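# Fold and geometry: a report
Below, each chain spelled out in residue letters.
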Amino acid sequence: MQVFTHGSFATMGAESGGYGLIEDGALVVEAGRIIWIGKRVDLPADYSGAEQIDLEGRLVTPGLVDCHTHLVYGGDRAREFEMCLEGASYEEIARAGGGIVSSVKNTRDASEEELLASALPRVDTLLREGVTTLEIKSGYGLDIESEMKMLRVARRIGELRRVEVVTTWLAAHALPPEYKDDRAGYISDVVIAGLSRAHAEGLVDAVDGFCEGIAFSVAEMRLVFDHAKSLSLPVKLHAEQLSDLHGAVMAAEYGALSADHLEWLGQDGVDAMAKSGTVAVLLPGAFYTLRETVYPPVQALRDAGVPIALATDANPGTSPLTSLLLTMNMGATIFRLTPVECLTAVTRHAAKALGFADRGILAVGARADLAIYDIKHPAELTYRIGFNPLHARVLGGEFV
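Predicted model only: the values in this text are computed from it and were never measured.

Definitions and cut-offs
Residues numbered from 1 in each chain as written. Predicted model: local features only at pLDDT ≥ 70, side-chain atom pairs only at ≥ 80, totals over all residues. Heavy atoms only, no water. Core = buried A, V, L, I, M, F, W, Y, C linked by side-chain atoms within 4.5 Å. Buried < 20%, exposed > 50% of the residue type's maximum accessible area, 1.4 Å probe, protein only. Contact = heavy atoms within 4.5 Å. Helix = DSSP H or I, 4+ residues; strand = E, 2+ residues; numbered from the N terminus. UniProt positions renumbered as here; feature names shortened; annotations may be inferred. Salt bridge = Lys/Arg side-chain N within 4 Å of Asp/Glu carboxyl O. Pairing = 2+ DSSP bridges. Axes fitted to C-alpha atoms, helices over the stretch in contact; angles between N-to-C directions. Phe/Tyr/Trp six-rings, centres within 6.5 Å; stacked < 30°, edge-to-face > 60°. Lys NZ or Arg CZ within 6 Å of the ring centre and 35° of its normal.

Time to look at the nonpolar core. The biggest cluster of nonpolar side chains holds 101 residues, and the ones touching the most others in it are I157 and W169. Apart from residues lying up to four places away in sequence, I157 is in contact with V72, L116, A119, L120, V123, I136 and V165. Counting residues in each nonpolar core, the second largest holds 18 residues, with F4, F9, I361 and A366 among its members.

Written out as structure tokens, the structure is:
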């Protein structure tokens, strides 16, 4: 048993309506779970004999959750960044053979060890900011063996680093060149057949897809989601990033954990997500990198009570971003979220976007995943740019 004392705890519970800040508080951990939290003066005498950890006035938040990343891939796409700055749109780059498909060759050619070696520095950067739960998608292999290779690397990251890694099957990310004239064959032979194999090997926690004019249609994604549901796997969807195909409406019909991007989301999508409890995951890194001009309907999402999460979308092309703290600042400055909304977006709502109810909050029964910062007020986490105040990370009650 451990007692963390003399800290300010941002509990981030839904009932708080804000940070739920407990100043000069204490938190008790046993067997990796929080068993008591409150004002230090109210700490029960029963815990007086436990190990005491003096936080010296530091701020404690739930461990951060990055709920949408593509951290495992081969190569880079720096040249495409130049093309974007020269005026080419994401769609133009993709149709010219760039975009997602340009990462496929390097990912296919790389060994598991090479993919692991390139991914770990990106992961470490996130962990050093306070991330304790991390999602990693496949999607740059676009054949069964390469997609499974990516997920094996993601699993290894969770073994080599003190972080919980959630894996997502994203073979429906783009159409590879060898299937350019056989969309149905790719969905059947690679996306669906590969999902069955990856699931049988225990490599998959959820299923995703890119529903867009340059990727896959709503009808095609229904086939994938039907198969995911037959395997009892939760689903999520890249939706309404470049146009409104009503993918979010379809995802909500399937009870999707999240719909992500959402710049072109219409009111029908907002209403459907509100009804299903689907989380809106906003990705300001991609919006910024692509210099988009259509903003996600933040006020409509607020008005409907749709939970809003933020994530890095860390990937080689459209969001080469490996800072969740900077993502919070971008969520505020670009999307006009409040600092409270930004911290909620990378704690409680990000956890919900991955299907977790036992993290992203500081409450009795929750996992003792903590981020301890050398700051006084939680607004500083959103306010600062290029500044990392992390003092320590605690995973399941253990300092890491």
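Unusually for a residue other than glycine, H246 sits at a positive phi of about 65 degrees. Relative to the helices and strands, H246 resides in the loop between β10 (236–239) and α8 (247–253). Backbone geometry places R291, a non-glycine residue, at a positive phi of 55 degrees. Residue class for R291 comes out partly exposed when judged on its relative accessible area of 47%.

With that out of the way, let us pick up the UniProt feature "binding site: 4-imidazolone-5-propanoate" (unreviewed entry) in the chain. Under the UniProt annotation, the feature "binding site: 4-imidazolone-5-propanoate" (unreviewed entry) is placed at R77, Y140, H173, Q241 and T318. Tracing the chain through its elements places R77 in the loop between β6 (64–66) and α1 (78–85). Given a relative accessible area of 5%, R77 falls into the buried group. The contact partners of R77, leaving out residues within four places of it in the chain, are Y90, G99, I100, S102, S103, Y140, P316, G317 and T318. In this fold, Y140 is placed in the loop between β7 (131–137) and α5 (144–160).

Enumeration according to the criterion identifies 28 salt bridges in this entry. Across the pair D181 and K180 runs a salt bridge whose closest N-O atoms are separated by 3.1 Å. Owing to a relative accessible area of 58%, K180 belongs among the exposed residues under this scheme. One network of salt bridges, with partners in common, ties together R33, E164, D358, R359, R367 and D369.

Under the present numbering, the feature "domain: Amidohydrolase-related" (unreviewed entry) in UniProt falls on residues 59–377. With 44% helix and 15% strand, residues 59–377 has end C-alpha atoms that lie 7 Å from one another.

Our next topic: the sheet that holds strand β9 (residues 206–211). Hydrogen bonds along the backbone pair up the strands of a sheet, which may run parallel or antiparallel. Taken together, the eight strands give an open sheet; going across it, the order is β6-β7-β8-β9-β10-β11-β12-β13, and neighbouring strands pair in parallel fashion. Here the strands that pair on one side only, and so sit at the sheet edges, are β6 and β13 (308–310). For this sheet, the mean inter-axis angle between neighbouring strands, taken without regard to orientation, is 25 degrees. In this sheet, β13 lies alongside strand β12 (residues 279–282) in parallel orientation, the contact comprising three bridges. In the sheet register, V281 faces β13, and the bridge partner there is A309. Each of β8 (164–172) and β9 is contacted by helix α6 (residues 183–200), which is oriented at about 155 degrees to β8, the strand it contacts most.

Below, the discussion takes up the packing of aromatic side chains. One pass over the structure, following the stated rule, counts eight aromatic pairs. When the centroid spacing of 5.5 Å and the interplanar angle of 75 degrees are considered together, the rings of F225 and Y254 count as edge-to-face. With F225 in helix α7 (residues 218–230) and Y254 in the loop between α8 and β11 (258–261), this pair connects stretches of sequence that are 29 residues apart. Here F225 and Y254 have matching classes, each one buried. Counting every residue linked through ring pairs, the aromatic cluster contains Y179, Y186 and F216. Sitting over the face of the ring of F356, R359 holds its NZ or CZ atom 3.7 Å from the ring centroid. Against the face of F387 rests R384, its NZ or CZ located 4.5 Å from the ring centre.

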